[in-house]
Amino acid sequence: MCATCGCSGVTVELEQRVLAHNDDLAHRNREWFAEREVLAVNLMSSPGAGKTTLLERTIRHLDGAVAISVVEGDQETAFDAERIRATGCRAVQINTGAGCHLDAAMLARAVRELDPPTRSLVFVENVGNLVCPALFDLGESYRVVIMSVTEGADKPLKYPHMFGTADLVVLNKVDLAPHLDFAVDAFVRYLRQVNQRAEILPLSATTGAGIGGWCGQLRDWM
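Starting from 1, residues in each chain are numbered consecutively following that chain's sequence as written. Confidence filtering applies because this is a predicted model: local features only for residues at pLDDT of at least 70, side-chain atom pairs given and counted only at 80 or more, and all residues used for totals across whole chains, interfaces and linings. Each side-chain value is worked out from all heavy atoms of the structure, with water and hydrogens disregarded.

A. Summary view of the packing of aromatic side chains. Pairing of aromatic side chains requires ring centres within 6.5 Å, counting the rings of Phe and Tyr and the six-membered ring of Trp. Pairs whose planes differ by under 30 degrees are stacked, by over 60 edge-to-face, and all others tilted. Counted according to the given criterion, the structure contains four aromatic pairs. Relative to Phe-33, the ring of Trp-32 has its centre 5.7 Å away and its plane inclined at 80 degrees; by these criteria the two rings are edge-to-face. Residues Trp-32 and Phe-33 agree in their burial class; the two are buried. Arranged with centres 4.0 Å apart and planes meeting at 5 degrees, the rings of Tyr-142 and Trp-221 form a pair that is stacked. Separated by 79 residues along the polypeptide, Tyr-142 in strand S5 (residues 142-148) and Trp-221 in helix H8 (residues 211-221) bring together distant segments of the chain. By definition, being over a ring means that NZ of Lys or CZ of Arg is both within 6 Å of the ring centre and within 35 degrees of the ring normal. Positioned over the ring face of Tyr-190 is Arg-189, at 5.3 Å from the centre of the ring. For every residue, the accessible area obtained with a 1.4 Å probe (protein chains only) is divided by the maximum for its type, and the residue is called buried under 20%, exposed over 50%, and partly exposed between those limits. Strands are runs of DSSP state E lasting at least 2 residues, helices are runs of H or I lasting at least 4, and numbering of each runs from the N terminus.

B. Structural context of the sheet that holds S5. At least two DSSP bridges between two strands are required for those strands to pair. Strand order in this open sheet of seven strands is S3-S2-S4-S1-S5-S6-S7, and the pairing throughout is parallel. Since the sheet does not close on itself, it has two edges, and those belong to strand S3 (90-95) and strand S7 (199-202), each with one partner. Between one strand axis and the next, the sheet turns by 20 degrees as a mean value, whatever way the strands run. Against the sheet, helix H7 (residues 184-194) contacts S5, strand S6 (168-172) and S7, and its axis sits at roughly 150 degrees relative to S7. Angles run from 0 to 180 degrees between N-to-C directions of axes, and those axes are lines fitted to C-alpha atoms, restricted for helices to the stretch in contact. Note on contacts: a residue pair is in contact if any heavy atoms of the two residues lie within 4.5 Å.

C. The arrangement of helix H2 (residues 51-62) in detail. Between the first and last residue of a helix there are one fewer steps than residues, each counted as 1.5 Å, and that sum is the expected span. For H2, with twelve residues, the first-to-last C-alpha span of 16 Å sits near the 16 Å given by 1.5 Å per residue. Its buried side turned inward, H2 meets strand S1 (39-45), strand S2 (68-74), helix H3 (79-85), strand S4 (121-125), S5 and H8. One or two positions beyond H2, positive phi appears at Asp-63, with a value near 50 degrees.

D. Layout of the pattern of salt bridges. The salt bridge criterion pairs a side-chain nitrogen of Lys or Arg with a carboxyl oxygen of Asp or Glu, the two atoms within 4 Å. Inspection of the entire model under this criterion finds eight salt bridges. Residues Asp-24 and Arg-28 are paired through a salt bridge, measuring 2.8 Å at the closest nitrogen-oxygen approach. Here Asp-24 and its partner Arg-28 are both found in helix H1 (residues 10-35), four residues apart, which amounts to about one turn of the helix. The class of Asp-24 is partly exposed, set by a relative accessible area of 34%. We note a salt bridge from Arg-36 to Glu-35, for which the minimum N-O separation is 3.4 Å. Taking relative accessible area as the criterion, Arg-36 reaches 26% and is therefore assigned partly exposed.

E. Layout of the side chain of Ser-45. Within the secondary structure layout, Ser-45 lies in strand S1. Here a polar contact is taken to be a pair of N or O atoms separated by no more than 3.5 Å, where protein atoms must pair a possible hydrogen donor with a possible acceptor and residues adjacent in sequence count only if both atoms sit in side chains. Within the structure, Ser-45 has its side chain in polar contact with the side chain of Lys-51 (distance 2.9 Å). Discounting chain neighbours no more than four positions away, the residues touching Ser-45 are Lys-51, Val-127, Gly-128, Asn-129, Leu-130 and Ile-146.

If you want it as structure tokens, here you go:
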């Protein structure tokens, strides 16, 4: 029993077992993607940062240059999957109910349903949340955190694990920056305190500004 709070430690042990099982499944996912030369990109953000709009813009910009499939994660509704399908792209919707993240088992089921072709691109739009999705390895190739200028510049310090695990941070909605009090310098400084390696890519998914750089990064990863 814990001398500090009196708990038995069962919750911690259970969480460790859950994460260990997830990590094993994530390893299998990673092998599955590697065998098929599929690039899997895990998109994470708070709700409303612009993940779905960025996906719509990306699909249209690449315009068939690479086969794209999308796994959509939300607690409820199929709204985002319907938006993706409207672009002509294949999508599978995962509804987590009370769950606040996708896990490796969910992704395994979804990609087997999608059956992406060799040398293609799979986007995973995770549940909008800056906490739980960062804890669960899905077997993805890269992690991208999308941050909008409508959010506070201090988000990397408030959610260090999310930003600390990112391979790339997309700063979205830059077209709104002239109308907001968003300190870009402070945001970069705070991000560097938790992550020294992630590149920062400013863009506007709505206007298309900077989308070429984003798609260029995807091509480099492939």
